[in-house]
Amino acid sequence: MKTTRNTTAKTAVTEILTQSKTALSHSEIHKLTDDLCDRVTIYRILDRLVNDDIVHKIEDLDGTGKYGK
């Protein structure tokens, strides 16, 4: 298995989404990571998780993307 630089960040984001009872926005997830990684890395992780069908992306009425399991 290939190890990537953001394994720790990906694990943290996945755990945050698993533990949350509601879908979270990118900015909410970024705050909960306690500056473990930058905003762009979180976007990449979320895109990968959505593409791999691990999380779902929905848009609220304001057009804000929310992510959840």
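Refer to the structure printed above.
Summarised in this report is the structure supplied together with it.

Here is what the cut-offs are and how they apply
- Residues numbered from 1 in each chain as written.
- Predicted model: local features only at pLDDT ≥ 70, side-chain atom pairs only at ≥ 80, totals over all residues.
- Heavy atoms only, no water.
- Helix = DSSP H or I, 4+ residues; strand = E, 2+ residues; numbered from the N terminus.
- Rg over C-alpha atoms; globule rule 2.2 N^0.38 Å.
- Buried < 20%, exposed > 50% of the residue type's maximum accessible area, 1.4 Å probe, protein only.
- Contact = heavy atoms within 4.5 Å.
- Expected span 1.5 Å × (residues − 1).
- Arc of directions from axis to C-beta.

What follows concerns the overall build of the protein. When helices and strands are counted, the protein shows 3 helices and 3 strands. Going residue by residue from the N terminus, the α and β elements of the protein occur as α-β-α-α-β-β. Taken against the 2.2 N^0.38 rule, which gives 11 Å for 69 residues, the C-alpha radius of gyration of the protein at 11 Å falls within 12% of a compact globule. Along the longest, intermediate and shortest principal axes, the C-alpha atoms of the protein span 40 × 25 × 20 Å. Across the 69 residues of the protein, 33% fall into the buried class. Pairs at least 24 residues apart make up 48% of the contacts formed inside the protein by residues separated by at least 6 positions.

In this section: helix H3 (residues 39-51). For H3, built from 13 residues, the straight-helix expectation of 18 Å at 1.5 Å per residue is met to within 8% by its first-to-last C-alpha distance of 18 Å. Among all positions in H3, only Thr 41, Ile 42, Ile 45, Leu 46 and Leu 49 are buried. Buried residues of H3, viewed axially, fall in a sector of 135 degrees; they line one side. Exposed residues lying more than 90 degrees from the buried face of H3 are Arg 44 and Asn 51. Where H3 is buried, its residues contact helix H1 (7-19), helix H2 (26-32) and strand E3 (65-68). Note on H3: the residue one or two positions beyond its end, Asp 53, has a positive phi of about 60 degrees.

This is a description of form; function is not addressed.
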